[in-house]
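Per-entry structural report
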Amino acid sequence: MIQIKGLKKTFVLSKKQMAANKDKQKYKVAVKGIDFDVKDNEIFGLLGPNGAGKTTTLRCLATLIQPTEGSIHVNGFDGKTEGEKVRRELAFLTNELKMDTHFTPDYTTRFFGRLHGMSEADIERRITQLFDIFGVTPYRHTKIGDLSTGMKQKLAIVVSLIHDPNVIIFDEPTNGLDIITAKAVTDYLTSLKQQGKTVIISTHMMHVAEKLCDRFAIIMEGEIKAIGTLEEILSQTGESNLDDAFFNLYADTYSSDAFSGGDNHA
Ligand SMILES: Nc1ncnc2c1ncn2[C@@H]1O[C@H](COP(=O)(O)OP(=O)(O)O)[C@@H](O)[C@H]1O
Ligand SMILES: [Mg+2]
């Protein structure tokens, strides 16, 4: 269970960042006070274009950065005062996880299992299970540098999930994945939900979200523009599919420069 209340995040920009923006603002309000809950047994989708504030929201939730205002609770633990406990509940997955190419999947996964304080027996059980699900078993003792991109990506997911977290936060889960790997990932997220886990993903791909998620929040310019089940979002926007609902809200939000690009330095 995730509870987010009044979450706001303002970045103080570096000189270099300030030079890059036209209006020379010193601050960037990436998230402007948002509220939502994610239940157990649920896959929640945070949908929005580049620069909307998705990654910032998820990084706050994972306690990787501190919110400027607002509160975060994960399974009852307070992100501000119980960061360590929150981190023990969750996994933060991103396709940017870098692994040392000299080591093997077996060694790397074990290393992270120990880092989480798992027993050797638990690590072994979990490795066997996850390597099997993601097809890593035949490459267990191959140097990571010799693995295909898809296999490296699947291994990164295995490494992040080694401690069997209750809450899974996945920033852009299918970004850059080939179609077979993407299917393995979305199938696994569905199986996590069926095990009663709490899953939150961010994506700008509506068809991925529509298939995978039980509820959605559409976020633009750091604000939630619509939230609920597919039916609720369609009735809020008067549209007949998620794609159209998204573009309807997009046109309203970015009306002055709709479809001219928006913010791309994500
Ligand atoms: N560390 C940072 N410093 C300054 N600005 C940032 C930082 N991280 C994100 N931003 C800005 O905050 C806004 C939201 O970014 P982000 O959360 O990454 O969006 P998304 O993941 O939806 O593409 C963007 O304008 C981005 O440039
Ligand atoms: Mg992002």
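Parameters and conventions
Residues numbered from 1 in each chain as written. Chains lettered and ligands numbered in written order. Predicted model: local features only at pLDDT ≥ 70, side-chain atom pairs only at ≥ 80, totals over all residues. Pairing = 2+ DSSP bridges. Helix = DSSP H or I, 4+ residues; strand = E, 2+ residues; numbered from the N terminus. Contact = placed C-beta atoms within 7 Å. Axes fitted to C-alpha atoms, helices over the stretch in contact; angles between N-to-C directions. Core = buried A, V, L, I, M, F, W, Y, C linked by C-beta atoms within 7 Å. Buried ≥ 20, exposed ≤ 12 C-beta atoms within 10 Å, placed from the backbone. Expected span 1.5 Å × (residues − 1). Arc of directions from axis to C-beta.

**Comments concerning the sheet that holds strand β2 (residues 27–38)**
Pairing is antiparallel across the open sheet formed by four strands, whose spatial order is β2-β1-β4-β5. The open sheet terminates on both sides in strands that have one partner only, identified here as β2 and β5 (77–78). Sitting on the sheet, helix α2 (residues 54–61) is in contact with β1 (2–12), β2 and β4 (69–74), with an inclination near 115° to β1.

**Some words on the nonpolar core**
Most often, soluble globular proteins keep nonpolar side chains buried together rather than apart. Of all hydrophobic cores here, the largest spans 63 residues; its most connected members are V158, I169 and I218. Discounting chain neighbours no more than four positions away, the residues touching I218 are L47, G48, I224, K225, A226, I233, F246 and L249.

**Some remarks on the sheet that holds strand β8 (residues 198–203)**
Sheet architecture is open: six strands sit in the order β6-β7-β8-β3-β9-β10, paired in mixed fashion. Here the strands that pair on one side only, and so sit at the sheet edges, are β6 (90–94) and β10 (223–228). Each strand of the sheet is rotated relative to its neighbour by a mean of 15°, with strand direction disregarded. The sheet contact formed by strand β3 (residues 42–47) and β8 spans six bridges and is parallel. Within β8, the residue paired with G45 across the bridge is I201. With respect to the sheet, α2 is in contact with β3, β7 (167–171), β8 and β9 (215–220), its orientation differing from that of β7 by roughly 150°. Where helix α9 (residues 230–237) meets the sheet, it contacts β9 and β10, and its direction lies at approximately 120° from that of β10.

**Regarding the environment of D122**
Position of D122 relative to the elements: it lies in helix α5 (residues 120–133). With 15 C-beta atoms counted inside 10 Å, the residue D122 sits in the partly exposed group.

**A short note on the pairing of β10**
With five bridges connecting them, β9 and β10 associate as antiparallel partners. Note on β10: the bridge partner recorded for M220 is E223.

**Focus on α5**
In this model, α5 (14 residues) spans 20 Å end to end at C-alpha, consistent with the 20 Å of a helix rising 1.5 Å per residue. Those residues of α5 lying buried are I127, L130 and F131. Buried residues in α5, looked at end-on, bunch into an arc of 95°, giving them a common side. Within α5, the exposed residues directed more than 90 degrees away from the buried face are A121, T128 and D132. Two residues or fewer after α5 comes G135, characterised by a positive phi angle close to 70°.

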